[in-house]
Amino acid sequence: MLIDKYGREINYLRVSVTERCNFRCLYCMPTTPFSWKPKENLLSFEELFMFLKVAIDRGIEKIRITGGEPTLREDLDKFINMISSYNSDIDLAMTTNAYFLDKLAKPLKVAGLKRLNISIDTLIEEKAKKIAQKSVLPKVLKGIKTSLDLGFEVKLNTVPIKGINDNEICDLIEYAKELGVKIRFIEYMENTQADQKIEGLKSDDILNIIKKKYEFSQPKDDKMSPARYYDLKGGHSFGIIEPHKEDFCGSCNRIRLTAEGLLVPCLYFKEALSIKEALREDNIDKAMEILDEVLRNKPEKNNWNLEDNEISARAFNETGG
Ligand code: SAM
Ligand code: SF4
């Protein structure tokens, strides 16, 4: 079992397989990076798998593949299959913008991927173009439909931004309801790469908008998710992920591994250690020592410090959000 120094059990690993993306979302990477890292800088799937096997043996129960856009990484289905063949009980999920899912959902399902979190911020094509800086909505909607038809468990993620998609929160709830899937609204996390003109909605703003149309229950925590869920009167539910809240980190069970081999204990904490060299030397013991050190360094709480205008310099497309 992996336990950090505050007694939290770490059983969830998010693995970013590429920092590249085919979208340029305003809140993530609208202008930078200007060029991608050379492919040889990334850990190969064999190197990643060498680490994952031992991490699973030591207590990782949930693995989420993310990015950048993970579906851009060639042979992703083979990597998924390596993990699911090693341990079919792993809760194996992926976060994606869905653009390529019309083609890739099937091979990924066959390979053993169980669940999908899909980002969708709007149901209006012009707005999708504004947010992702590319015409994306038809392919995203098709990707969602294909995934559901194949029997994937799907959750939707939306980042509400003032003056952009805040008037669509209820429409997105209705869309999720029609599809029979959960939707979670993620508070925008300020970071130096994002478009500095945008302003995200906090959970109270989101709830105030939803309150105008729906009645809903008190929130419920879900041990498997960072979201708090609210049941809507008349059926269905929605979630809110609120990293700005004081108590958000108390039950944190996750660490992150970037495509370049950095083990990141917390999104809002500068320190991270690389296991790339250890894996390239085929030295798994050293990689595990580094993992233990990262767990010892995992902070009790995220370092927001927004009052001092100090925002995270961590690139979300590298850490995988
Ligand atoms: N490209 C995939 C996607 O968009 O789903 C996976 C990577 S993306 C970095 C993972 C998640 O992080 C997405 O749900 C995205 O909406 C979220 N995200 C990115 N930047 C964010 C920010 N500044 N604040 C809150 N969520 C963010
Ligand atoms: Fe790409 Fe996902 Fe970042 Fe949007 S949020 S730019 S889809 S990595």
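Residues numbered from 1 in each chain as written. Chains lettered and ligands numbered in written order. Predicted model: local features only at pLDDT ≥ 70, side-chain atom pairs only at ≥ 80, totals over all residues. Heavy atoms only, no water.

Caption draft 1: Structural detail: the overall build of the chain. The helix and strand inventory of the chain stands at 10 helices and 12 strands. The globule rule puts the C-alpha radius of gyration for 321 residues at 20 Å, and the 19 Å found for the chain is close to it. Viewed in the frame of its principal axes, the chain has a C-alpha envelope of about 55 × 45 × 40 Å. A burial count over the chain gives 55% of its 321 residues as buried. (Helix = DSSP H or I, 4+ residues; strand = E, 2+ residues; numbered from the N terminus. Rg over C-alpha atoms; globule rule 2.2 N^0.38 Å. Buried < 20%, exposed > 50% of the residue type's maximum accessible area, 1.4 Å probe, protein only.)

Caption draft 2: Focus on unusual backbone geometry. Even without being glycine, Asp75 reaches a positive phi, approximately 65°. Within the secondary structure, Asp75 is located in the loop between strand E2 (62-66) and helix H2 (76-86). For Gln133, which is not glycine, the phi torsion reads 60° and is therefore positive. Structurally, Gln133 is set in the loop between helix H4 (125-132) and helix H5 (137-149).

Caption draft 3: Inspection of the site of ligand 1 at higher detail. Tyr27, Gly68, Glu69, Ser119 and Met189 are the nearest of the 20 residues found near ligand 1. For ligand 1, a nitrogen atom lies 3.1 Å from a polar atom in the side chain of Glu69. Take Thr96: an N or O atom from its main chain is 3.2 Å from an oxygen atom of ligand 1. In isolation ligand 1 exposes 540 Å². Once the protein is present, 95% of that is buried. Residues belonging to the shell around ligand 1 are distributed by class as follows: 7 nonpolar, 11 polar and 2 charged. (Near = heavy atom within 4 Å. Polar contact = N/O pair within 3.5 Å; in protein donor to acceptor, adjacent residues only side chain to side chain. Areas by Shrake-Rupley, 256 points an atom, 1.4 Å probe, with all protein chains shown as cover. Nonpolar A, V, L, I, M, F, W, Y, C, P; charged D, E, K, R; others polar.)

Caption draft 4: Expanded view of the site of ligand 2. Residues in contact with ligand 2, as listed here, are Cys21, Phe23, Cys25, Tyr27, Cys28, Met29, Gly68 and Asn97. Classifying every residue of the shell around ligand 2 gives 6 nonpolar, 2 polar and no charged.

Caption draft 5: Representation of the packing of aromatic side chains in the model. For the structure on display, the rule yields 7 aromatic pairs. For the ring pair Phe45 and Phe79, a centre distance of 4.4 Å and an interplane angle of 5° mean the geometry is stacked. With Phe45 in helix H1 (residues 45-57) and Phe79 in helix H2, this residue pair connects regions lying 34 residues apart in the sequence. There is no split in this pair, since Phe45 and Phe79 are both buried. Judged by centre distance (5.5 Å) and plane angle (85°), the ring pair of Phe216 and Tyr230 falls under edge-to-face. Of the two residues, Phe216 is situated in the loop between helix H7 (203-211) and strand E7 (220-221) and Tyr230 in strand E8 (residues 228-231); the sequence distance between them amounts to 14 residues. (Phe/Tyr/Trp six-rings, centres within 6.5 Å; stacked < 30°, edge-to-face > 60°.)

Caption draft 6: The arrangement of the pattern of salt bridges in detail. In this structure the tally under the stated criterion is 20 salt bridges. A salt bridge links Asp75 to Lys78; the nearest nitrogen and oxygen atoms lie 3.2 Å apart. Residue Asp75 is classed as partly exposed on the basis of its relative accessible area, which comes to 39%. Measuring nitrogen to oxygen at the nearest pair gives 3.5 Å for the salt bridge that ties Lys197 to Asp195. Accessibility expressed as a relative area gives 74% for Lys197, which makes it exposed. On the accessibility criterion, Asp195 (18% relative accessible area) is buried. (Salt bridge = Lys/Arg side-chain N within 4 Å of Asp/Glu carboxyl O.)

Caption draft 7: Here's a closer look at the sheet that holds E2. Spatial ordering of the open sheet is given by E7-E8-E9-E6-E5-E4-E3-E2-E1-E10-E11-E12, a layout of 12 strands whose pairing is mixed. Because the sheet does not close on itself, it has two edges, and the strands there are E7 and strand E12 (273-274). Sheet analysis places strand E11 (residues 262-264) next to E12, joined by 2 bridges and oriented antiparallel. Note on E12: the bridge partner recorded for Leu263 is Leu273. (Pairing = 2+ DSSP bridges.)

Caption draft 8: Structural view of the packing of H2 against helix H3 (residues 101-111). Here H2 crosses H3 at 20°, and the two axes come no closer than 8 Å. Overall, the two elements H2 and H3 adopt an arrangement that is roughly parallel. The two elements H2 and H3 meet at a crossing, and its hand is right-handed. Contacts from Leu76, Asp77, Ile80, Asn81 and Ser84 in H2 reach Pro107, Leu108 and Ala111 in H3. Partitioning the contact of H2 with H3 into residue classes produces 5 nonpolar, 2 polar and 1 charged. (Axes fitted to C-alpha atoms, helices over the stretch in contact; angles between N-to-C directions. Parallel < 35°, antiparallel > 145°, perpendicular 65-115°, else oblique. Left-handed = near helix turned anticlockwise from the far one by under 90°. Contact = heavy atoms within 4.5 Å.)

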